[in-house]
Amino acid sequence: MEEVPINHMKTKPHNRKVVIEIKLLKKSFGDQEVLKEISLDLYDGENLVILGKSGSGKSVLIKCIVGLLNADSGIIRILGQNIPDLQSKELSLIREKIGFLFQSGALYDSMTVRENLEFPLRKKKDIFTKEQVDKKVLEALNHVGLTDELDKMPAQLSGGMRKRVSLARTIVTNPLIMLYDEPTTGLDPVTSEEISMLINDVQKKYKTSSIIITHDIKCALLTADRIIMLKDGEIYKEGAPENFENSSDAYAKSFFK
Amino acid sequence: MNPNTDYMEIMNSVRSKTFTFFEEIADIFTFIQVIIKETFSRDFEFKEFFYQCFQIGYKTLPLIAITGTIMGLVLTIQSRPVLADFGAVSMLPGMIAVSLIREMGPVITALICAGKIGSGIGAELSSMKVTEQIDAMELSSTNPIRYLVVTRILAATLMLPVLVLYADLLGILGSWAGANIKGDVTFILFFSQAFSHVGFIDFIPAFIKTFLFGAVIGFVGSYKGYHAGKGTASVGEAAHSSVVQASLLIIIVDMIAVQITDMFI
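Residues numbered from 1 in each chain as written. Chains lettered and ligands numbered in written order. Predicted model: local features only at pLDDT ≥ 70, side-chain atom pairs only at ≥ 80, totals over all residues. Heavy atoms only, no water.

1. Considerations on the overall build of chain B
A count of helical and extended segments in chain B gives nine helices and zero strands. Its helices and strands in sequence order give chain B the pattern α-α-α-α-α-α-α-α-α, from N to C terminus. C-alpha extents for chain B along the principal axes are approximately 65 × 60 × 35 Å. Residues counted as buried form 45% of the 265 residues belonging to chain B. Taking all contacts inside chain B whose residues are at least 6 apart in sequence as the whole, residues at least 24 apart take part in 84%. For chain B, the accessible area works out to roughly 13,800 Å², and carbon and sulfur atoms hold 71% of it. In chain B, the 16 positive side-chain charges and the 21 negative ones have mean positions that sit 3 Å from each other. (Helix = DSSP H or I, 4+ residues; strand = E, 2+ residues; numbered from the N terminus. Buried < 20%, exposed > 50% of the residue type's maximum accessible area, 1.4 Å probe, protein only. Contact = heavy atoms within 4.5 Å. Areas by Shrake-Rupley, 256 points an atom, 1.4 Å probe, with all protein chains shown as cover. Lys, Arg positive; Asp, Glu negative; His and termini not counted. Charge placed at Lys NZ, Arg CZ, Asp CG, Glu CD.)

This is the structure we're talking about:
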């Protein structure tokens, strides 16, 4: 079978292996049911965009995937391992293979850019020498075009630069899976586009599989191989980006108008 | 107004508050349990611990120096006329030294530190929580309790006795300065008179309780910061409640410590 190039892979790539498998995932906060039996798969090398209004459960879903929130029920299998069943050590090992870009960037305020990037590598002192760590930090910063900002504090950076540094911090460990939580929120349209292009660059260079949580249509269209639309904690619609653009469905159209 | 509806509302409110209270107690005990476990784990964060000792200890020295000196000075100026009425001015250095070492030094220093260190820890951890830095740390395979909480509590526990000793010494120095405003006493004479009245029974219990005060400050600040809610308002709330609750607990711990000490004297 002919291999489908990643950037033209606009439907479910069934010829690829599943890296994240979610089945019947439920999560509630008190009486409020946020996720109602969500099931989805992320395929190897795919950029899956999860689209939805604020409060539709997008961020809760992504936090359940990495175990920052405990799901009430359901299966979250990452690279074959069910996250809710894992002990903390096993969870740490699986998390090393995941890069998570937080909505706020989540850079450590008290550390310089260099220290922020070195932080995820601090537990691997027996694997990497100081020179190797320096090289990895510079490589990651070079990838986001910010090598000159190495010794600055996060407070000295603009919103877009903070997001880039945060992205560099997630890729410094060479993750297999990238999870982006609202990567373009709070950024101007030009910077948002730059971040969207960086997401594509990361996929190409590091061969990652990604879930991108967003309500930014431009970002979704620039990055998505496939889109899943959430509404009130349920999957409302799923398909290729062009299916959404040409959809006659009123709810989908309200996003793409 | 329906009295039955009012009654039900009151009962529901009481039930909800009682539930919240017991839920918080359970949270506190779980937090303590996790902290104890992480304190004795193999991967102790030494670098962060020494950094916190520097932040909590060294950076608080100027504040403690000013407070300690003024405490001794004011205590001397206020006590001198009363002692003069009884013809007991010669007792001044001893009285000041005993009151500073036994009670004033530890409690005032701890309350000042609750304000500076407790609010600092509460605000720092809560802002880290709000901006998802703690989540980011957890995803970087770093245990945030071990890295952020254990190091701060231990640093506060170990640095507070040092700060209290420093405050006591400067308090006695301030007292000597106060004594010289209306009198003339040499530094060596004042110090020898002061310490001739101080025994181990004055010093040891007071020194031990300073460790407890430090642990209280570190724990309350960490607990409030780590359990902060969402939004920037919770940062202020965490800092504020850290100071209030740590100060209250310091007074309670002091009262218990004094009662226990009394049983052995």
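From this point, things continue past the structure.
2. Considering the domain arrangement of chain B
All names here are of chain B. Here chain B is partitioned into domain 1 (1-40) and domain 2 (46-264). In this assembly, nine residues from domain 1 lie in contact with 13 residues from domain 2. In total, domain 1 and domain 2 occlude about 930 Å² of area from one another, counting both sides; carbon and sulfur atoms represent 75% of this. Per-residue buried area on domain 1 facing domain 2 is highest for Phe31, Ile35 and Glu38; these three make up 61% of the total on that side. (Domains from an automatic or database assignment. Buried area = accessible area lost by both parts, 1.4 Å probe.)

3. Some thoughts on the pairing of strand S10 (residues 234-239) of chain A
All names here are of chain A. Judged from the five bridges that link them, strand S9 (residues 226-231) and S10 form a sheet pairing that is antiparallel. Paired with Ile228 across the strands is Glu238, a residue of S10. Here S9 hands over to S10 after two residues, with Asp232 in that stretch at a positive phi of 50°. (Pairing = 2+ DSSP bridges.)

4. Some thoughts on a nonpolar patch on the surface
On the surface, Leu248, Leu249, Ile252, Met255, Ile256, Ile260, Met263 and Phe264 of chain B cluster together to form a nonpolar patch covering roughly 830 Å² of accessible area. Take Phe264 of chain B: it is sitting in helix H9 (residues 233-264). (Patch = residues over 30% accessible without salt bridge, like charges linked within 9 Å, V, L, I, M, F, W, Y side chains within 5 Å. Salt bridge = Lys/Arg side-chain N within 4 Å of Asp/Glu carboxyl O.)

5. Quick word on the interface of chain B and chain A
Listed by partner, the interface residues are 15 residues for chain B and 21 residues for chain A. Interface area for chain B against chain A, summed over the two sides, is near 1,600 Å², with a carbon-plus-sulfur share of 49%. Glu138 of chain B is paired through a salt bridge with Arg95 of chain A; the nearest N and O atoms lie 3.6 Å apart. Where chain B meets chain A, there are nine residue pairs in polar contact (both at pLDDT 80 or more). Looking at which element gives the most residues to the side of chain B that touches chain A, the answer is helix H5 (residues 133-139) of chain B, with six residues. Looking at the side of chain B that touches chain A residue by residue, the class counts come to five nonpolar, five polar and five charged. (Polar contact = N/O pair within 3.5 Å; in protein donor to acceptor, adjacent residues only side chain to side chain. Nonpolar A, V, L, I, M, F, W, Y, C, P; charged D, E, K, R; others polar.)

6. A look at the environment of Arg164 of chain A
All names here are of chain A. Relative to the helices and strands, Arg164 resides in helix H5 (residues 159-171). Residue Arg164 is classed as buried on the basis of its relative accessible area, which comes to 17%. Measuring from C-alpha to C-alpha, the distance between Arg164 and Leu35 comes to 30 Å, with 129 residues separating the pair along the chain. Non-local contacts of Arg164, meaning those with residues more than four positions away in its chain, are made with Val144, Leu146, Glu194, Ile195 and Leu198.

7. With respect to the sheet that holds strand S7 (residues 177-181) of chain A
All names here are of chain A. The sheet built from six strands is open, its strands ordered S6-S7-S8-S3-S9-S10 with mixed pairing. What marks the edges here is a single partner per strand, and that holds for strand S6 (98-101) and S10. For this sheet the average axis-to-axis angle between neighbouring strands, irrespective of direction, equals 15°. Of the strand pairs in this sheet, strand S3 (residues 47-52) and strand S8 (residues 209-214) are connected by five bridges, and their pairing is parallel. Bridge pairing in S8 places Ile50 opposite Ile213. The strands that H5 touches are S6 and S7; relative to S6, the one it contacts most, it runs at about 170°. (Axes fitted to C-alpha atoms, helices over the stretch in contact; angles between N-to-C directions.)

8. Overview of the side chain of Lys58 of chain A
Residues and elements named next belong to chain A. Relative to the elements of secondary structure, Lys58 occurs in helix H1 (residues 58-65). Separated by 3.1 Å, the side chain of Lys58 and the backbone oxygen of Lys53 make a polar contact. Residues within four places of Lys58 in sequence aside, it is in contact with Ile50, Leu51, Gly52, Lys53, Glu182, Ile213, Thr214, His215 and Leu230.

9. Section: the packing of helix H3 (residues 61-85) of chain B against helix H6 (residues 144-179) of chain B
Residue and element names in this part refer to chain B. At a minimum axis distance of 6 Å, the contact between H3 and H6 shows a crossing angle of 40°. As judged from the angle between their axes, H3 and H6 are oblique. Seen along the crossing, H3 lies across H6 with a hand that is right-handed. Of H6, the residues touching H3 (which contributes Leu61, Ile64, Ala65, Gly68, Thr69, Gly72, Leu73, Thr76 and Arg80) are Leu163, Tyr166, Ala167, Leu170, Gly171, Gly174, Ser175, Ala177, Gly178 and Ala179. Looking at the contact of H3 with H6, its residues break down into ten nonpolar, eight polar and one charged. (Parallel < 35°, antiparallel > 145°, perpendicular 65-115°, else oblique. Left-handed = near helix turned anticlockwise from the far one by under 90°.)

10. What about the pairing of S8 of chain A?
Residues and elements named next belong to chain A. In terms of burial, S8 is largely enclosed, as six of its six residues are buried. What you see with S8 is no split at all: Ser209, Ile211 and Ile213 on one side and Ser210, Ile212 and Thr214 on the other are buried throughout. Both S7 and S8 contribute to a ladder of five bridges, which runs parallel. Paired with Ile177 across the bridge in S8 is Ser209. Note that the unit made of S7, helix H6 (residues 189-206) and S8 has a crossover that is right-handed. (Right-handed = clockwise from strand over helix to strand, strands pointing away.)

11. Focus on the packing of helix H4 (residues 92-130) of chain B against helix H8 (residues 200-226) of chain B
In a pair of packed helices, the angle between the axes and the distance between the axes together describe the arrangement. Residue and element names in this part refer to chain B. Contact geometry for H4 and H8: axes closest at 7 Å, N-to-C directions at 15°. With respect to their mutual orientation, H4 and H8 come out roughly parallel. You can see that H4 and H8 cross each other, and the crossing is right-handed. Partitioned by chemical class, the residues of the contact of H4 with H8 number 15 nonpolar, eight polar and five charged.

12. Some details on the pattern of salt bridges
In a structure, side chains of opposite charge can pair up when their charged atoms sit close to one another. Residue and element names in this part refer to chain B. For the coordinates displayed, the defined rule picks out 22 salt bridges over all chains. In this structure, Lys224 and Glu24 form a salt bridge, with 3.5 Å as the shortest nitrogen-oxygen distance. Highlighted residues: Lys224 in helix H8 and Glu24 in helix H1 (residues 3-39), separated in sequence by 200 residues. You can call Lys224 buried: its relative accessible area is 15%.

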